[in-house]
Structure formats: C-alpha cells, structure tokens
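An overview of the molecular structure
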Amino acid sequence: MTTLIEGNILALNRYKKMLEDRKIVAKNEVETNPLSLPHAFWMINEALAVYKKTPNTYPLDKYSRWLGFIQAILVLHKVTSVKAERDITRPWFTGKEA
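This section reports on the structure supplied with the text. This is a predicted model, so every value here is computed, not measured. (Residues numbered from 1 in each chain as written. Predicted model: local features only at pLDDT ≥ 70, side-chain atom pairs only at ≥ 80, totals over all residues. Heavy atoms only, no water.)

A look at the side chain of His 39
Mapped onto the elements of the fold, His 39 is located in helix H2 (residues 37-53). Classification of His 39 as buried rests on a relative accessible area of 3%. Among the polar contacts listed, one links the side chain of His 39 to the backbone nitrogen of Glu 29, at a separation of 3.0 Å. Ignoring any residue separated from it by four or fewer positions in sequence, one finds His 39 in contact with Lys 27, Asn 28, Glu 29, Val 30, Asn 33 and Pro 34. (Helix = DSSP H or I, 4+ residues; strand = E, 2+ residues; numbered from the N terminus. Buried < 20%, exposed > 50% of the residue type's maximum accessible area, 1.4 Å probe, protein only. Polar contact = N/O pair within 3.5 Å; in protein donor to acceptor, adjacent residues only side chain to side chain. Contact = heavy atoms within 4.5 Å.)

Comments concerning the environment of Gln 71
You can see Gln 71 is positioned in helix H3 (residues 60-76). Taking the C-alpha atoms as reference, Gln 71 lies 12 Å from Ile 88; in sequence the two are 17 residues apart. Not counting residues within four places of it along the chain, the set of residues in contact with Gln 71 comprises Tyr 15 and Thr 89.

Shape descriptors only; they carry no functional weight alone.
So, in structure tokens, the structure goes:
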C-alpha cells in the first residue's frame, strides 16, 4: 500500500497524462469556468508543484479535496468514469482491490 501522499501523486500524474494526451492546455479558470478541463489541468500542475517543493504546505485533506474535484471534472467531461477510477486508484489508497 502506498501512503495517502503517494496515492495522490500517482493519481495526479495519471490525470496529467490523460489531459496531455488530449492536448489540453492548463489554465486557471476559477473565475470563468472552474469545471473546465484546462482548469483541472492547472489544478493538477499546482498540486504536483506544491507536493514537489514543499509537501506539507497544505493540510493533506486539502490535497484530497483537490483530487476529488479534479476527478469530478474528468468524469463530467467523460475523460474517465467513477468505476474506472475506483478500480484503478482504490488499491493506491487502501491496498485492497475495488
């Protein structure tokens, strides 16, 4: 089993690749469209940068909330599904199969 931080980083890197493959450009759209794929990509990059530089900058639950929000955006735009993410990421966080 990975730690919660390691699980978050694995998931964020997975989503980063998904959006890179779709040629999405990261953009902070919190004021105009926080549910856009560019905004999700911006959030991914921000979280990964903070984890890399100073992993304890924010409480761990904030990273988890960001991850959940990013997952919701990806599901909303049909980039992935709740079932796919449950099956893939659950072992990263619990050590158990979905």
